[in-house]
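Structural overview for review
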Amino acid sequence: MSSLQDPVNPEQSPGQQSTEAGNYFVSNYPPFSFWQPQQVPALKEALLTPAARDIPLGVYFHIPFCRKRCHFCYFKVYTDKNSAEIRAYIQAGMKEMQHYASQPYLKGRSARFVYFGGGTPSYLSVPQLRELTSQMKDLVPWESDAEIAFEAEPGTLNETKLEGIAEVGVTRLSLGVEHFDDHILESNGRAHRSAEITKAYRFARSLGFRHINIDLIAGMMNETEEKWQMCVRRAVELQPDAVTIYQMEVPYNTTIYRDMKAQGKVTAPVADWPTKRRWVSEAFDAFVAAGYTITSAYTAVRDPKRFSFVYRDALWEGADLLSCGVASFGHLAGMHYQNQAEIGPYMEALDQGDLPIFRAYATSHEERFVREFILKLKLGRSDFAFYRQKFGIDPRQFFAAQLEQLAAAGFASLDADHIVLTRSGLLQVDRLLHGFFLPQHRRYERYT
Ligand code: SF4
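Residues numbered from 1 in each chain as written. Predicted model: local features only at pLDDT ≥ 70, side-chain atom pairs only at ≥ 80, totals over all residues.

Take the nonpolar core next. Leu 216, Ala 218, Leu 322 and Ile 374 are the most contacted members of the largest nonpolar core, which totals 126 residues. Viewed by domain, this core spans two of them, domain 1 (1-18 + 25-30 + 365-448) and domain 2 (32-314), each represented by three or more residues. For Ile 374, the residues in contact, after removing those within four places along its chain, are Val 26, Tyr 29, Leu 433 and Phe 436. (Core = buried A, V, L, I, M, F, W, Y, C linked by C-beta atoms within 7 Å. Buried ≥ 20, exposed ≤ 12 C-beta atoms within 10 Å, placed from the backbone. Domains from an automatic or database assignment. Contact = placed C-beta atoms within 7 Å.)

See the structure below:
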């Protein structure tokens, strides 16, 4: 392909040096702004035909409740719901799942991976969690060795809660640590403090979860060189099975952006992109020195053979994802879909016996190829033979211009069969991926 936007020219791509408002993180393809309500009937139609036998299935359930709204959060979260309202939400989610489970496309299938995301799944009480998981398993059984991933906010985790999470079968606990400095946690609106992290982590370890991951964010408001070094040191000391490090973004729906707008500011009050990349790079170095392996643009893993990310890897290779809950994103029968983003319309649709889908998108063969190529490039390397075999498309030819530009700019090494990102390329992969979008999708995504 030719006449492409230059993926490495900062004048043309969203990788400005200072941090400005916007979502640059590429989580799916084609971008959400291309998904349309008019395509929802096509998804319902697609569910009437049984799936091919070899497509893995995952289940996602979204819990939109949090103790407090973080200043950098762009999700729709509810901080004021009582236990009756939460129970009603769970029941609505189960009605939704039941609707899907009865469709020919999903009938008789079981889940290879299950993901509880949010929001804050650990905000649920143990009885709510038991009720939710037992109903889910009745509707879509979980394979015996399925990965069951669960996001948790450290301040919600007392011993009873952690025991309950272990008891319902969670295999991968993902702790939203973000930082170890209390001033940074507080000034960014996080609900937990560092003492709660250590306590929750130690107890979780004693319960024998198969895989404990901690999340960090490089470049939160009030970050300094010393505090980041301390944060990395504390993270290494915990010896998690894996660490995921994100670079701070300031999307439009955040408190930080609202304040910027009120003050007429364009630059967000966080570190610039080169500094955030350097901080992640220094953290990667520290984890590598402690024996970890860097396995993606965001992840360092203690033993990659033992600690896998089934959910991520399966999705990036085109698995089906039955996604339930408000605002959640799914992928079934080659179609993307997203649910209603507000709890009111979501519950009303279910009350009326309808699926609460807001918009959908039928992907083409070429779009599925591009999607898989760009998402998997976040792993830092790509073997072109895989795509030739799976899609009949050779990335080396299809993306010749982009691949050569990446190599020429020092972001990758390239030969006829592989591309391997350099550390510098890996740390800004989301910026670079926009250059691989098909021409019709090449405008910068504003989160809508
Ligand atoms: S805990 Fe996560 S979902 Fe909840 S407000 Fe904070 S960033 Fe948003």
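Another point: the site of the ligand. The immediate surroundings of the ligand are formed by Cys 66, Arg 69, Cys 70, Cys 73, Phe 75, Val 77, Gly 118, Gly 119, Thr 120, Glu 153 and Gly 176. Class assignment for the residues of the shell around the ligand results in 5 nonpolar, 4 polar and 2 charged. (Near = placed C-beta within 6 Å. Nonpolar A, V, L, I, M, F, W, Y, C, P; charged D, E, K, R; others polar.)

Looking now at unusual backbone geometry. For the peptide bond that leads from Tyr 29 to Pro 30, omega is -15°, which places it in the cis range. Mapped onto the elements of the fold, Pro 30 is located in the segment before helix H1 (40-46). With an omega of 20°, the peptide bond between Gly 118 and Gly 119 qualifies as cis. With respect to the helices and strands, the residue Gly 119 is situated in the loop between strand E2 (111-118) and helix H3 (126-139). Although it is not a glycine, Glu 178 sits at a positive phi angle of roughly 70°. Tracing the backbone through its elements, the reader meets Glu 178 in strand E4 (residues 172-178). Despite not being glycine, Ala 333 shows a phi value in the positive range, around 55°. By the element assignment, Ala 333 lies in the loop between strand E10 (329-332) and strand E11 (335-339). (Helix = DSSP H or I, 4+ residues; strand = E, 2+ residues; numbered from the N terminus.)

Let's shift gears to the domain arrangement of the protein chain. When the domains of the protein chain are assigned, the result is domain 1 (1-18 + 25-30 + 365-448) and domain 2 (32-314). Relative placement of domain 1 and domain 2: their C-alpha centres are 25 Å apart. Every contact between the two is made by 19 residues of domain 1 and, on the other side, 18 residues of domain 2. In terms of residue count, the dominant contributor to the side of domain 1 that touches domain 2 is helix H16 (residues 423-427) (3 residues). Here the residues of the side of domain 1 that touches domain 2 are counted per class, giving 7 nonpolar, 8 polar and 4 charged.

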